[in-house]
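Below are the chains, spelled out letter by letter.
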Amino acid sequence: MRRTILLVEDEESLISFLQTELKFEDYAVIVARDGKEALTDYTSKSRQINLILLDWMLPKLDGLEVMRRIRRHDDVPIIMMTARDYVGDKVAGLDNGADDYITKPFEIEELLARIRVALRRDKKQNNASQTSYKIADLLLDTKSRQVRRAGKVIQLTQREYDLLLSLIKHKEETLTRDELLNLVWGVDFQGQLNIVDVYIRYLRNKIDFENKPLIHTVRGVGYTLRDDNVNEKKEK
């Protein structure tokens, strides 16, 4: 699945440079140019953000305050970028929740290496905490990348697997088409929005039973993965 980076920076030349380099490395990039915009983007798109590149000196809210607020809710990897190279500043950044710290100006190869390390570390932590997901008789194992329903192995394409993984990670929640598009295809996907509906149909044909569907349409909103049989039992 394509990784998404929230780039929080107010220097236009650096934004342009980093966007180009990150997209070349196949990262999707969301740009925020001040602290308040960063928090807005984080709040609305936190499900798809895998890492935050955060400048310290920002308009409206500085990077340290942005990081403090994010850390109240999320342990998403954060790399601080700043021209401040005093040891005390580095300590303050790390003590307030930064995973790493890089001083401007920096070589892009060093930043990319730090990003890879932070994402690998985060992936290992996520894998250690949960490697399988289950709803009703549907089981998805991320280690073997195997999907079963009622004990039967179901063959999925990579895109179908990524879509199902996004749904099952947020089971019982309603994900909008835009959220699914960003999670599975990336925030800068240029194709048609109905690609989500097309792949939902592919998934339904493979994992849903006629009398026990798990993928449900929330009209006018998007899709949810839930077991209605469990809800019916609770109501009785």
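Look above for the structure.
Every value quoted in this text rests on a predicted model; they were computed, and no experiment measured them. (Residues numbered from 1 in each chain as written. Predicted model: local features only at pLDDT ≥ 70, side-chain atom pairs only at ≥ 80, totals over all residues. Heavy atoms only, no water.)

> Help me understand the sheet that holds strand 10 (residues 174–176), please; the structure alone is not making it clear to me.
One key point about sheets: their strands pair by backbone hydrogen bonds, in either a parallel or an antiparallel sense. Pairing within the open sheet is antiparallel, and its three strands lie in the order 10-12-11. Lying at the two open borders of the sheet, with one neighbouring strand each, are strand 10 and strand 11 (215–218). Mean inter-strand twist for the sheet, computed between neighbouring axes without regard to direction, equals 35 degrees. Relative to strand 12 (residues 222–225), strand 10 is paired through three bridges, and the arrangement is antiparallel. From the neighbouring strand, T176 faces strand 12, where its bridge partner is G222. Its contacts with the sheet put helix 6 (residues 158–169) on strand 10 and strand 12, and the angle it makes with strand 12 is roughly 70 degrees. Together, strand 10 and strand 12 form the strand contacts of helix 7 (residues 177–185), whose direction differs from that of strand 10 by roughly 80 degrees. (Pairing = 2+ DSSP bridges. Helix = DSSP H or I, 4+ residues; strand = E, 2+ residues; numbered from the N terminus. Axes fitted to C-alpha atoms, helices over the stretch in contact; angles between N-to-C directions. Contact = heavy atoms within 4.5 Å.)

> Sorry, what's going on with helix 1 (residues 12–24) here?
The periodicity of an α-helix, 3.6 residues per turn, causes residues three or four places apart in sequence to face the same way. For helix 1, which comprises 13 residues, the first-to-last C-alpha distance of 18 Å matches the rise-based estimate of 18 Å (1.5 Å per residue) to within 8%. Those residues of helix 1 lying buried are L14, I15, L18 and L22. Along helix 1, the residues classed as buried sweep out an arc of 100 degrees about the axis, all on the same side. Residues of helix 1 that are exposed and angled more than 90 degrees away from the buried face: S13, T20 and F24. Downstream of helix 1 by a residue or two, D26 has a phi angle that is positive, lying close to 70 degrees. (Expected span 1.5 Å × (residues − 1). Buried < 20%, exposed > 50% of the residue type's maximum accessible area, 1.4 Å probe, protein only. Arc of directions from axis to C-beta.)

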